[in-house]
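Topology and contacts: notes
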4 protein chains.
Amino acid sequence: MGTREKILNAAKAQFANKGFHGTLMSDIAQSAGVGKGTIYRYFPSKEELFGSIINSQLESFENRIRVAANSGDSERDVLMDIAKIHFEEYRASKEVIEILVMEGLNKIGDIKQDFKKGIAKIEQIVSQVISKGIYNGVFRDVDPKRTAVIFLGLIWTVLKHGIVMEERDLEKKYFDTIFDIIFHGLLCPDY
Amino acid sequence: MGTREKILNAAKAQFANKGFHGTLMSDIAQSAGVGKGTIYRYFPSKEELFGSIINSQLESFENRIRVAANSGDSERDVLMDIAKIHFEEYRASKEVIEILVMEGLNKIGDIKQDFKKGIAKIEQIVSQVISKGIYNGVFRDVDPKRTAVIFLGLIWTVLKHGIVMEERDLEKKYFDTIFDIIFHGLLCPDY
Amino acid sequence: MGTREKILNAAKAQFANKGFHGTLMSDIAQSAGVGKGTIYRYFPSKEELFGSIINSQLESFENRIRVAANSGDSERDVLMDIAKIHFEEYRASKEVIEILVMEGLNKIGDIKQDFKKGIAKIEQIVSQVISKGIYNGVFRDVDPKRTAVIFLGLIWTVLKHGIVMEERDLEKKYFDTIFDIIFHGLLCPDY
Amino acid sequence: MGTREKILNAAKAQFANKGFHGTLMSDIAQSAGVGKGTIYRYFPSKEELFGSIINSQLESFENRIRVAANSGDSERDVLMDIAKIHFEEYRASKEVIEILVMEGLNKIGDIKQDFKKGIAKIEQIVSQVISKGIYNGVFRDVDPKRTAVIFLGLIWTVLKHGIVMEERDLEKKYFDTIFDIIFHGLLCPDY
DNA sequence: GATGAATGAGTGTTCATTCAT
DNA sequence: GATGAATGAACACTCATTCAT
């Protein structure tokens, strides 16, 4: 494994465990098995190292979601795919998702701006999916932008809940409930 | 205004603006118009000052939500009331809600534990409301606990979205959309 | 008991227990049962309060020792009286002696200078006693000044030892040994 | 000179000059010609730095005294050697002895306990020397433990006197007088 | 390229002292 | 005269960053 990669992996583990402020550069160096100075040969600062992690994960999300959105599947299935992508990334890289969910919005340098931009892009993709779904008669006539926010919010909420409450097998429990409610609503037909 | 209150207000504003780690005790002192040492007459540490703010807001939420849950109204209306309470508290004290939403789960002393406990209590109340709603034929037969998590998470997410994206008139925009979707679902009857 | 006296007693107890730097003015105030501000009506500063205690004890020593020196007794007995005075004062006011022994020479303001002057005066008295003793054929022909230092040093040493090692019944144990050695020497006649 | 050594030397000088509480870490850093943070690479706290100095000197004393005690010389000479060791160490490292004498018993962390233990060990060695001296007919039949306390205390007191009164050529003045008195006593044979 | 010893700006906290009541 | 709330200068300690080797 390359040095840069070793540093990134160590940083992900440390930031996820102890948060941005709780993580020392020396922790990362030690955990990566490199000298402290070496980190600075690859990343100009702690902040940029942190930002790197956040941004690369956001890009990965954006790309995968964009692919799903253009798959040609029913918009109903696209939404389910988007949810699956989130849970998959969570399973594949719990630590990075933990960082995203817990620290993504901390007021650390320009991280927050990057995060906002990343989220906004994803929201826009989802919003377009919903618009298409409405146009194609799959979804009721809801406000697409707000609904995108709500939909993604739901997924993030469940991820966060799993992380915070330290639940195992998060996705299996919640996946069906989320879609049951978001697709069919909570109320009985009579109400 | 009492000194303690001045300090609390200044602290809320500073923590909301700059986050826990970005806020200096001297900022709070200056913004409160008191000496740095004075803060320590009222709060034993920065952490406890922060925790004080978090906990008192969580208690306020819990109490108001408990009252709403016992109001005797239809469970449908209780859920709407609970959402209204969140938006109201947000309007009344944007800064504290901002702190709760942005920093409540940071790894700062025991804050995270307090926060988790507070959230768990509220989730339990909502879970009972949903159970009753199912029993009374208002709600479909969903899993009450998971649905409570999803419902509350949704509201928090929307609050967070409003804060992060700096939207104005947050509640007016989202309130109806949230309940339209969560009550009636996203899919057209045919799907 | 007058307020000034209450403060002095409380200060003696606190300084003896916790040392100068370990004692807070608020400790003294509380232990004296007065307000913190009240101390400053009687003593201009913590340092002066401390100095007051040191100096008044040194004066008491000086006076009693001067009286003993002028008693007309044999110089042998005068030395024993001087030792007795030390042990008596220790018994009567352990705390002040503790302060004298443990903190008298700390580099706190001008305390050290006062202490040095007080000790020098006492040494001079003892030196004169020894001179007279030599003149009167009681003592061997030793250097009176150095012998005074040694004699007083012995007594202080034993006091300090008792305080540090927290021995009880200090004086009974050591009094005879000190005078046995200092009067008759350690060596057997043959050596 | 190694960094650790530079720091230790600077710390000795500063502590001796200004006492523990009067010495700032930044003073030590400046005087050592290193940055403030560098001190903390070698010593975990001001207290430990101080304790380090105290303890290493106490160990040095103990070792040298133990060697002297086992030299096989007459117990009379061993006592004189022990006194010489004290004066030698004083000459070699006035500052550390000054710290020992002036601050060794202050209530600073666990220093006092270390100091007490160190002194107790040395007292025990001396006590054994005196016991042997009595057994071998060199010393009169005195209490060995108390005599050890008195003997060592006397030496320490004279060192302290020299430091406090800022006398030069301390040892030359006092050495003979101390042993004249302590060996042969103060009284004329008739008394 | 890699290192880790050195750095010093930055921060939470303490506590003697003041002064309005 | 007595008080104790308020003060802010002072200080130990941290840690991201640098740079000589």
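Position numbers for residues start from 1 in each chain and track the written sequence from start to end. Chains and ligands are labelled sequentially in the order written, the chains with letters from A and the ligands with numbers from 1. The predicted origin of the model limits local features to residues at a pLDDT of at least 70 and limits the giving and counting of side-chain atom pairs to 80 or more, whereas totals for whole chains, interfaces and linings rest on all residues. Remark: hydrogens and water are excluded; side-chain values derive from all non-hydrogen atoms of the structure.

Notes on the relation of the copies chain D and chain C
The condition that has to hold: Copy-to-copy superposition: least squares on the C-alpha atoms, limited to residues that have pLDDT of at least 70 in both copies. The contact criterion used throughout is that any non-hydrogen atoms of two residues lie within 4.5 Å.
By a simple turn and slide, chain D fits onto chain C: the slide is 0.1 Å along the axis, the RMSD is 0.2 Å, and the turn is 179 degrees. Taken together, these values place the two copies in the relation of a two-fold axis. Across chain D, the smallest distance between a C-alpha and the rotation axis is recorded for Gly 185 of chain D, namely 1.8 Å. Taken together, the interface assignments show that 100% of the residues at the interface of chain D recur at the interface of chain C, consistent with an identical surface on both copies.

A look at the relation of the copies chain B and chain A
For the pair chain B and chain A, the superposition axis carries a translation of 0.1 Å, the fit reaches an RMSD of 0.2 Å, and the rotation angle comes to 179 degrees. An overlap of 100% is found between the interface residues of chain B and their copies at the interface of chain A, pointing to a shared contact surface.

Describing the interface of chain B and chain A
Note the threshold: When two parts are brought into contact, each loses some accessible area as probed by a 1.4 Å sphere; the total of that loss over both is the buried area. Just to be clear on terms, a salt bridge is a Lys or Arg side-chain nitrogen sitting within 4 Å of an Asp or Glu carboxyl oxygen. N or O atoms closer than or at 3.5 Å make up a polar contact, with two conditions inside protein: a donor-capable atom paired with an acceptor-capable one, and, for residues adjacent in sequence, both atoms drawn from side chains. Only DSSP runs of H or I reaching four residues or more are called helices, and only runs of E reaching two or more are called strands; each is numbered from the N terminus. Amino acid classes used here: Ala, Val, Leu, Ile, Met, Phe, Trp, Tyr, Cys and Pro are nonpolar; Asp, Glu, Lys and Arg are charged; the rest, including Gly, are polar.
On the chain A side, the residues contacting the 49 residues of chain B number 51 residues. Ranking the residues of chain B by area buried against chain A places Arg 140, Leu 186 and Leu 187 of chain B at the top, with a combined share of 15%. Run the count over chain B and chain A and you get two salt bridges. Summed over the shared surface of chain B and chain A, the result is 14 residue pairs in polar contact (both at pLDDT 80 or more). Within the residue set of the side of chain B that touches chain A, elements represented by two or more residues are α1 (3–22), α5 (75–92), α6 (94–103), α7 (111–135), α8 (144–164) and α9 (170–184) of chain B. Among the elements that line the side of chain B that touches chain A, the one with the most residues is α8 of chain B, at 11 residues. When grouped by side-chain class, the residues that make up the side of chain B that touches chain A number 24 nonpolar, 13 polar and 12 charged.

Looking at the domain arrangement of chain A
Interfaces are often sized by the amount of accessible area the parts lose when they come together. Residues and elements named next belong to chain A. Spelled out, the test is: Reported domain spans reflect what an automatic or database domain assignment gives.
As far as domains go, chain A holds domain 1 (1–43) and domain 2 (46–184). Counting the surface lost from both domain 1 and domain 2, the interface buries some 1,300 Å², and carbon and sulfur atoms represent 78% of this. On the domain 1 side of the interface with domain 2, the three residues burying the most area are Lys 12, Phe 15 and Phe 20, jointly 46% of the side's total. Joining domain 1 to domain 2, the criterion identifies zero salt bridges. Inspection of the region where domain 1 meets domain 2 yields three residue pairs in polar contact (both at pLDDT 80 or more). Taken together, the elements giving at least two residues each to the side of domain 1 that touches domain 2 come down to α1 (3–22) and α2 (25–32). With 11 residues, α1 is the largest single contributor of residues to the side of domain 1 that touches domain 2. Residues that form the side of domain 1 that touches domain 2 fall into these classes: 11 nonpolar, three polar and two charged.

Details of the side chain of Thr 157 of chain A
Within the secondary structure layout, Thr 157 of chain A lies in helix α8 (residues 144–164). Engagement of the side chain of Thr 157 of chain A in a polar contact is seen with the side chain of Thr 157 of chain B, the distance being 2.5 Å. Setting aside chain neighbours within four positions, we find Thr 157 of chain A in contact with Val 149, Gly 153, Leu 154 and Thr 157 of chain B.

A closer look at the packing of aromatic side chains
The condition is simple: Pairing of aromatic side chains here covers Phe, Tyr and the six-membered ring of Trp, requires ring centres within 6.5 Å, and sorts the geometry by plane angle: under 30 degrees stacked, over 60 edge-to-face, intermediate tilted. Burial status follows relative accessibility: with a 1.4 Å probe on protein chains alone, a residue under 20% of its type maximum counts as buried, one over 50% as exposed, and anything between as partly exposed. Consider the ring centre and the ring normal. A charge sits over the ring if Lys NZ or Arg CZ is within 6 Å of that centre and within 35 degrees of that normal.
The tally for this structure, following the rule as stated, stands at 36 aromatic pairs over all chains. Judged by centre distance (6.1 Å) and plane angle (55 degrees), the ring pair of Phe 151 of chain B and Phe 179 of chain B falls under tilted. Here the residue Phe 151 of chain B occupies a position in helix α8, and Phe 179 of chain B occupies one in helix α9, the gap between them amounting to 28 residues. Residues Phe 151 of chain B and Phe 179 of chain B agree in their burial class; the two are buried. Seen in terms of ring centroids, Phe 175 of chain D and Phe 179 of chain D are 5.0 Å apart; in terms of plane orientation they differ by 50 degrees. Their pairing is tilted. Residue Phe 175 of chain D and its partner Phe 179 of chain D are located together in helix α9 (residues 170–184), separated by four residues, close to a single helical turn. Exposure class is identical for Phe 175 of chain D and Phe 179 of chain D. Each is buried. One aromatic cluster is present, formed by Phe 87, Phe 151, Phe 175, Phe 179 and Phe 183 of chain A through successive ring pairs. Lying over the aromatic face of Phe 20 of chain C, Lys 46 of chain C brings its terminal NZ or CZ to 4.6 Å of the ring centre.

Regarding the protein's contact with DNA strand F
As a reminder of what qualifies: For this purpose, a residue is taken to be near a molecule or strand whenever a single non-hydrogen atom of the residue falls within 4 Å of it.
Lining the immediate surroundings of DNA strand F are 31 residues, of which Thr 3, Arg 41 and Tyr 42 of chain B, Thr 38 of chain C together with Lys 36 of chain D lie closest. The sugar and phosphate moieties of DNA strand F supply 65% of its atoms located within 4 Å of the protein. In the model, a phosphate oxygen of DNA strand F is placed 3.0 Å from a nitrogen or oxygen of the Met 25 of chain A main chain. Thr 3 of chain B places a side-chain nitrogen or oxygen 2.6 Å from a phosphate oxygen of DNA strand F.

Here we look at the protein's contact with DNA strand E
Residues in close proximity to DNA strand E total 31 residues, the closest being Thr 38 of chain A together with Gly 35, Thr 38, Arg 41 and Tyr 42 of chain D. Expressed as a percentage, the sugar and phosphate content of the atoms of DNA strand E within 4 Å of the protein is 64%. Here a base nitrogen of DNA strand E and a side-chain polar atom of Lys 36 of chain A are 3.4 Å apart. Taking Met 25 of chain C, its main chain carries an N or O atom lying 2.9 Å from a phosphate oxygen of DNA strand E. Listed by contribution, the elements that provide at least two residues to the surface near DNA strand E are α3 (36–42) of chain A, α3 (36–42) of chain B, α3 (36–42) of chain C together with α3 (36–42) of chain D. Broken down by class, the residue content of the surface near DNA strand E amounts to 10 nonpolar, 13 polar and eight charged.

What about the interface of chain D and chain C?
Across the contact, 49 residues belong to chain D and 52 residues belong to chain C. For the interface between chain D and chain C, the tally reads two salt bridges. Counting only elements with at least two residues in the side of chain D that touches chain C, the list comes to α1 (3–22), α5 (75–92), α6 (94–103), α7 (111–135), α8 (144–164) and α9 of chain D. At 11 residues, the largest contribution of residues to the side of chain D that touches chain C is made by α8 of chain D. Tallied by class, residues from the side of chain D that touches chain C come to 24 nonpolar, 13 polar and 12 charged.

Points about the pattern of salt bridges
All names here are of chain A. In total, this model carries 28 salt bridges over all chains according to the counting rule given. Notably, a salt bridge pairs Glu 89 with Arg 64, separated by 3.0 Å at the nearest N-O pair. Taken together, the residues span a long stretch of sequence, with Glu 89 in helix α5 (residues 75–92) and Arg 64 in helix α4 (residues 46–69) at a distance of 25 residues. Each of Glu 62, Arg 66 and Lys 121 takes part in a single network of salt bridges with overlapping partners.

Notes on the arrangement of the chains
A gap remains between chain A and chain C, with no contact made and the closest C-alpha atoms lying 33 Å from each other. Contact between chain B and chain C is absent, and the least distance between their C-alpha atoms amounts to 14 Å.

Considering the nonpolar core
We count it as follows: Take the buried residues of types Ala, Val, Leu, Ile, Met, Phe, Trp, Tyr and Cys, join any two whose side-chain atoms come within 4.5 Å, and each joined set is a nonpolar core.
Of all hydrophobic cores here, the largest spans 144 residues; its most connected members are Phe 179 of chain A together with Leu 49, Leu 79 and Phe 179 of chain B. Excluding its chain neighbours within four sequence positions, the residues that come into contact with Phe 179 of chain A are Leu 79, Met 80, Ala 83, Phe 151 and His 184 of chain A. Counting 142 residues, the second-largest nonpolar core is a separate cluster that includes Ala 32 and Ile 150 of chain C together with Ala 16 and Ala 69 of chain D.

Considerations on α8 of chain D
Residue and element names in this part refer to chain D. Using the following cut-off: Helices are assigned an expected span. That span is 1.5 Å times one less than the residue count.
The end-to-end C-alpha separation of α8 is 29 Å, in line with the 30 Å expected for 21 residues at 1.5 Å each. The buried fraction of α8 is high, at 18 of 21 residues. Sitting at the head of α8, Asp 143 places a side-chain oxygen 3.0 Å from the backbone nitrogen of Lys 145. Positive backbone phi, approximately 55 degrees, marks Glu 166, located one or two places after α8.

A short note on the confidence of the model for chain A
Here is the rule we go by: pLDDT is a per-residue confidence score from the predictor, ranging from 0 to 100.
With 97% of its residues at a pLDDT of 70 or more, chain A has an overall mean of 90. Predicted confidence in chain A is weakest over helix α9 (residues 170–184) of chain A, with a mean pLDDT of 82, and strongest over α3 of chain A, with 97.

Describing helix α2 (residues 25–32) of chain D
Residues and elements named next belong to chain D. For α2, every residue scored as buried is listed here: Met 25, Asp 27, Ile 28, Ala 29 and Ala 32. In this structure, the buried side of α2 is in contact with α1, α3 and α4 (46–69). Gly 33, located one to two residues past α2, shows a positive phi value of around 70 degrees.

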